[in-house]
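If you want the building blocks of each chain, they are given just below.
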Amino acid sequence: MPGFFDLHVNIPDKTGSIAAITTKLAQAEINIINIQILETRDDINGVLQLTFSNQHDLQQATELLGQKAVAS
């Protein structure tokens, strides 16, 4: 069973929040293999869970997204 590498990103409940994050990752050619929103209530910050296939992509994404991101 291959390992997966998750990154949790706090995101505001605003139009375009997810697009801004995924666009940054796409421009850096970092591949996301899975994406999930962990909080779905209106007007509350959510947590975007991004999954990568390797440690290198996780590390690059963490550095690119800065303090909003927490690797696990």
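Basis of the calculations
- Residues numbered from 1 in each chain as written.
- Predicted model: local features only at pLDDT ≥ 70, side-chain atom pairs only at ≥ 80, totals over all residues.
- Heavy atoms only, no water.
- Helix = DSSP H or I, 4+ residues; strand = E, 2+ residues; numbered from the N terminus.
- Buried < 20%, exposed > 50% of the residue type's maximum accessible area, 1.4 Å probe, protein only.
- Contact = heavy atoms within 4.5 Å.
- Areas by Shrake-Rupley, 256 points an atom, 1.4 Å probe, with all protein chains shown as cover.
- Core = buried A, V, L, I, M, F, W, Y, C linked by side-chain atoms within 4.5 Å.
- Pairing = 2+ DSSP bridges.
- pLDDT = per-residue confidence, 0-100.
- Axes fitted to C-alpha atoms, helices over the stretch in contact; angles between N-to-C directions.
- Parallel < 35°, antiparallel > 145°, perpendicular 65-115°, else oblique.
- Left-handed = near helix turned anticlockwise from the far one by under 90°.

Quick notes on the overall build of the protein chain
Secondary structure assignment for the protein chain yields two helices and four strands. In the protein chain, the succession of helices and strands from N to C terminus is β-α-β-β-α-β. The buried share among the 72 residues of the protein chain stands at 25%. The contacts in the protein chain between residues at least 6 apart in sequence include a share of 66% that link residues at least 24 apart. Accessible surface, the protein chain as shown: approximately 4900 Å² in total, 50% of it carbon and sulfur.

So, the nonpolar core
Residues Leu7, Val9, Ile11, Ile21, Leu25, Ile30, Leu48, Leu50, Phe52, Leu58, Ala61 and Leu65 constitute the largest nonpolar core, which totals twelve residues. At the level of elements, β1 (5–11), α1 (17–27), β3 (46–52) and α2 (55–65) are the ones that each hand at least two residues to this core.

Regarding the pairing of β3
The buried count for β3 comes to six of seven residues, which makes it a mostly enclosed element. The sheet contact formed by β1 and β3 spans seven bridges and is antiparallel. Opposite phenylalanine 5, over in β3, you have phenylalanine 52 as the bridge partner. Where strand β2 (residues 34–37) and β3 come together, four bridges link them in antiparallel fashion. Looking at β3, one finds that glutamine 36 is bridged to glutamine 49.

Some thoughts on the confidence of the model for the protein chain
Considering every residue of the protein chain, the mean pLDDT works out to 87; 82% of them sit at 70 or more. Ranking the elements of the protein chain by mean pLDDT puts strand β4 (residues 69–71) last with 64 and α1 first with 95.

Section: the packing of α1 against α2
Remark: α1 packs on α2, axes separated minimally by 10 Å, with the N-to-C direction vectors making an angle of 125°. With respect to each other, α1 and α2 are oriented oblique. Helix-helix and strand crossings are classified by hand; for α1 and α2 the assignment is right-handed. Contacts between α1 and α2 involve Ile21, Lys24 and Leu25 on the former and, on the latter, Ala61, Leu64 and Leu65.

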